[in-house]
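Summary of structural features
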Amino acid sequence: MNQSLRSEREKHGWSRAYVAEQLDLADPKTLGRWERGVSSPSAQFVRKLCLLFEKSKEELGLAPIEKQSACINARHSLFWNVPYRRNPFFTGRQELLTHISTILHTHNEMTSISALALGGMGGIGKTQTVVEYVYRFRNVYRLIIWIQADTHESLVTDCKRIVNALHLRQHEQESVCDTLKQWLRNQDEWLVILDNVVNLDVINKVIPVEATGHILLTTQRSSLGEVAQYILLHGFTPEEGALFLLRRIQGRASTRKWCAREIKAAHTLSWLVSGLPLALDQAGTYIEEIGCQITRYLAMYQQYPAMLLHRRGESRLDHPDSVGTMLTLICDELEKSSPATREILRFCAFLHPDTLPEELVLESLTHISRGNANSPLLYEEALSILRRSSLIQVCPETQMLTVHPLVQIIVKASMDPQEQRRWVETIVHILSHFFLDTQVSKRASFYQRYSLQLQACMVLITLWNITSPITRQLRECINEHFSGPMQLIEPESTHHLGYMLPGHMEQNTHEQDDDCPCFRPPDSFECKNGSTWSIGQGVSPLSSLESAKRTGETGAS
């Protein structure tokens, strides 16, 4: 830290903005970074500083002393209330962390406060990313303030603790939030984290309009308007997820001591859960506690996905709820806000998650509501609610929806086999009419847009043994269009389709009839590339996974 430069400025009673103006420096924050020793001025600005303060570069602490850089990392924040330990298993997202720092430190001509929001569905790793950021860049800030912002009560509670810890004087008829807000106005070099923001009003309750500092938000909302810049977080890549899982199980920093079979299983599991960090952490916790191999857990997950998504394990710290519990609670709350969200989620649960045409989903809502004239309005309202929780993403350019595969699993698990079959029949009926009502000359372009959904529909017809004149007509038209049987989707696109069948959903209250074709999936499907895609072959019951702890199986070779 360059205490000399800051002392000289304060001795003259000059603000950073004034000094920056005298130096023709675009961003006063740059001067702050020089004073903290985070960066150094160029030779040109060294000369300007010496002239302005009438001091030598040695007196201003601007001489190139190599030892100065070694002292920078020893600096600690003057206030720190981050409630989380640094995650020793934090994996990937190096470019994201650098990007966050760049955005926050980029000067904004309109305001001296830089605000950035990390968005995405629950369990995607928003909070853990912020935790890693504050530990990695803590030397840049004098004050790091963490506030839980999911409810008004948690906001007030945290503000009260902070005000007391800082020994701030609270004036009469002034709330603790106002006290903290007024104090921040006269401070600089601070970072305020608002974790899990639901209502955007909390920002105005705590953050002053004019101040010098940074704000980091985490939220499940899909957009924040002009409140802050927004970054949507995605899951791990299969490679990152595999490395995280292997680290999580036994704290290993690399995959060198793991056999190729276990590494491949970790890679596959990461892919199956779409790289959701919470799901992988949950899997790692469970595997560690049971003491089983990753390959064994993978086989169980392919057979009982929803049950394992509800199993959090005992050694949990930062996120006590399981993926299944979290998604169930979110879906229940959304359905209370708008019943139409229930219909949309159930309709989308059985189709391909990545390319759902909006007009198809709207048609399903119109069909289910028996032609209600308000269906378009209900659809827009429900879609807005679903996007607010990041359960569904919308691409305006293509007018396609995307739903997370784990949401599909949890939604399907909430239905008994009879309700599942009713939805499958509804989907097949709607999609069949959509295709058959299209003019023959336009079916080529129709298939291009509906390709994955038509293939998913054919899989549903096969797995659920749906027989009706319209399904036969649909099959004939598609076969005629392709001059032969339609090829199934590549395995990479169908990892969620194995869960369409009740036989691949754990039903605690319904016995499955082995003689019923509706509950018997084929052993495998032949794909376009000639490979065979197996569905849940040779899977042991969940109790065998529990017994693995007694057999002493390990996850490493």
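To start, this report covers the structure provided alongside it. Worth saying up front: this structure is predicted, and the values here are computed from it rather than measured.

Comments concerning the overall build of the chain
Scanning the chain from N- to C-terminus turns up 24 helices and 11 strands. Each of the 557 residues in the chain was classed as buried or not, and the buried ones make up 53%. Accessible surface, the chain: about 26,300 Å² in total, of which carbon and sulfur atoms supply 49%.

Comments concerning helix 23 (residues 469–481)
Between its terminal C-alpha atoms helix 23 stretches 18 Å, which fits the 18 Å expected from 13 residues at 1.5 Å a residue. Along helix 23, the residues classified as buried are I470, T471, L474, C477 and I478. Around the axis of helix 23, the buried residues are gathered within 125 degrees of arc, so they sit on the same side. Among the exposed residues of helix 23, those pointing more than 90 degrees away from its buried face are P469, E476 and E480. Against helix 21 (417–436) and helix 22 (443–463) lie the buried residues of helix 23.

Remarks on the pairing of strand 5 (residues 213–219)
Of all seven residues in strand 5, seven are buried, a share of seventy percent or more. Of the two faces of strand 5, the one lined by G213, I215, L217 and T219 and the one lined by H214, L216 and T218 are each fully buried. With seven bridges joining them, strand 2 (residues 113–119) and strand 5 adopt parallel strand pairing. In the strand pairing of strand 5, A115 is matched with I215. Between strand 4 (residues 190–197) and its parallel partner strand 5, the chain crosses via helix 10 (residues 201–206), and the hand of that crossover is right-handed.

Some thoughts on the nonpolar core
Ranked by size, the top nonpolar core spans 114 residues in total, and within it Y133, Y301 and L406 carry the most contacts. Those residues in contact with L406 that lie beyond four places of it in its chain are L272, V273, L276, A279, Y301, L309, V323 and L327.

A few points about the side chain of E358
When you line up the elements, E358 lands in helix 18 (residues 358–368). With no salt bridge to any partner, buried E358 finds its closest opposite charge in R449, at an N-O distance of 6.8 Å. The contacts of E358, once residues within four sequence positions are left out, are Y379, L383, V394, Q399, M400, L401 and R449.

Things to note about the sheet that holds strand 8 (residues 392–395)
Overall, antiparallel pairing links the three strands, which are arranged 7-9-8 in an open sheet. Since the sheet does not close on itself, it has two edges, and those belong to strand 7 (356–357) and strand 8, each with one partner. Judged from the four bridges that link them, strand 8 and strand 9 (residues 400–403) form a sheet pairing that is antiparallel. Residue I392 lies in a different strand from strand 9, and its bridge partner there is V403. The strands that helix 19 (residues 375–388) touches are strand 8 and strand 9; relative to strand 8, the one it contacts most, it runs at about 115 degrees.

Observations regarding empty space enclosed by the protein
For the structure shown, the criterion picks out one cavity of 30 Å³ or more. If you trace the largest cavity, you find it lined by L269, V273, A279, Q282, A283, Y297, Y301, L308 and L309. Elements that contribute at least two residues to the lining of the largest cavity include exactly helix 13 (277–290), helix 14 (294–303) and helix 15 (305–309). Ranked by residue count, the leading element in the lining of the largest cavity is helix 13, at three residues. By residue class, the composition of the lining of the largest cavity is eight nonpolar, one polar and no charged.

Examining the packing of helix 21 against helix 23
Helix-helix packing is characterised by the crossing angle of the two axes and by the distance between the axes. Where helix 21 meets helix 23, the axes come as close as 10 Å, and the angle between the chain directions of the two elements is 45 degrees. Of the possible angle classes, the one that applies to helix 21 and helix 23 is oblique. With respect to the hand of their crossing, helix 21 and helix 23 are arranged in left-handed fashion. For the pair helix 21 and helix 23, the contacting residues are V428, H429, S432, H433, F435 and L436 in the first and I470, T471, Q473, L474, C477 and I478 in the second. In terms of residue class, the contact of helix 21 with helix 23 is built from seven nonpolar, five polar and no charged.

Some remarks on the environment of G241
In this structure, G241 sits in helix 11 (residues 238–250). The exposure class assigned to G241 is buried, which follows from its relative accessible area of 0%. For the pair formed by G241 and A266, sequence separation is 25 residues and the distance between their alpha carbons is 7.7 Å. Once residues within four sequence positions are removed from consideration, G241 is found in contact with F236, S270 and L280.

As for the packing of aromatic side chains
Considering all chains together, one arrives at 11 aromatic pairs under this definition. With a centroid separation of 5.6 Å and an interplanar angle of 50 degrees, the aromatic rings of W34 and F45 are classed as tilted. Within this pair, whereas W34 is found in helix 3 (residues 28–36), its partner F45 is found in helix 4 (residues 43–53), the two being separated by 11 residues in sequence. A single burial state applies to W34 and to F45, both of which are buried. Ring geometry for W80 and Y135: centres 5.1 Å apart, planes at 70 degrees, overall edge-to-face. In this pair, W80 sits in strand 1 (residues 79–80) while Y135 sits in helix 7 (residues 126–136), placing the two residues 55 residues apart along the sequence. By relative accessible area, which is 24% here, W80 ends up partly exposed.

Thresholds, definitions, all that
Counting restarts for each chain: residues are numbered from 1 in the order of the written sequence. Totals for whole chains, interfaces and linings use every residue, but because this is a predicted model, local features are given only for residues with pLDDT of at least 70 and side-chain atom pairs only at 80 or more, for both listing and counting. To obtain the side-chain values, all non-hydrogen atoms of the structure were included, while hydrogens and water were left out. Numbering of helices and strands runs from the N terminus, with a helix taken as a DSSP run of H or I at least four residues long and a strand as a DSSP run of E at least two residues long. For the exposure calls, accessible area comes from a 1.4 Å probe over protein chains only, and a residue counts as buried if that area is under 20% of its type's maximum, exposed if over 50%, partly exposed in between. Using a 1.4 Å probe, accessible areas were evaluated by the Shrake-Rupley method; residue-level cover was limited to the displayed protein chains. Expected span of a helix, by definition, is 1.5 Å for each gap between consecutive residues, and there is one gap fewer than residues. Of all possible arcs, the one meant is that of the directions from the helix axis to the C-beta atoms. Contact between two residues is taken to exist if any of their heavy atoms lie within 4.5 Å; hydrogens are not considered. A pair of strands is treated as paired once DSSP finds two or more bridges between them. Orienting the strands away from the viewer, one traces the path from the first strand over the helix to the second; a clockwise path indicates a right-handed crossover. Only buried residues count toward a nonpolar core, which is a set of Ala, Val, Leu, Ile, Met, Phe, Trp, Tyr and Cys residues joined through side-chain atoms within 4.5 Å. Charge counting treats Lys and Arg as positive and Asp and Glu as negative, with His and both chain ends excluded. For salt bridges, the criterion is a side-chain nitrogen of Lys or Arg within 4 Å of an Asp or Glu carboxyl oxygen. Only C-alpha atoms enter the line fits that serve as axes; for helices the fit covers just the stretch in contact. Angles between N-to-C directions range over 0 to 180 degrees. Buriedness of a pocket was judged along seven lines, with at least five required to meet protein on both sides within 12 Å; pockets are open sets of points on a 1 Å grid over the protein atoms alone, cavities are sets where a 1.4 Å probe fits but cannot get out, and lining residues have an atom within 4 Å of a point. Grid points are joined across faces, edges and corners, and a volume is the space filled by probe spheres set on the points. Asp, Glu, Lys and Arg are counted as charged, while Ala, Val, Leu, Ile, Met, Phe, Trp, Tyr, Cys and Pro are counted as nonpolar; the rest, among them Gly, fall into the polar class. Roughly parallel means an angle under 35 degrees; roughly antiparallel means over 145; roughly perpendicular covers 65 to 115; every other angle is labelled oblique. In this scheme the handedness of a crossing depends on how the near helix is turned from the far one: anticlockwise by less than a right angle means left-handed, clockwise means right-handed. Centre distance within 6.5 Å is the pairing criterion for rings of Phe, Tyr and Trp, where only the six-membered ring of Trp is used; planes under 30 degrees apart are then read as stacked, over 60 as edge-to-face, and the remainder as tilted.

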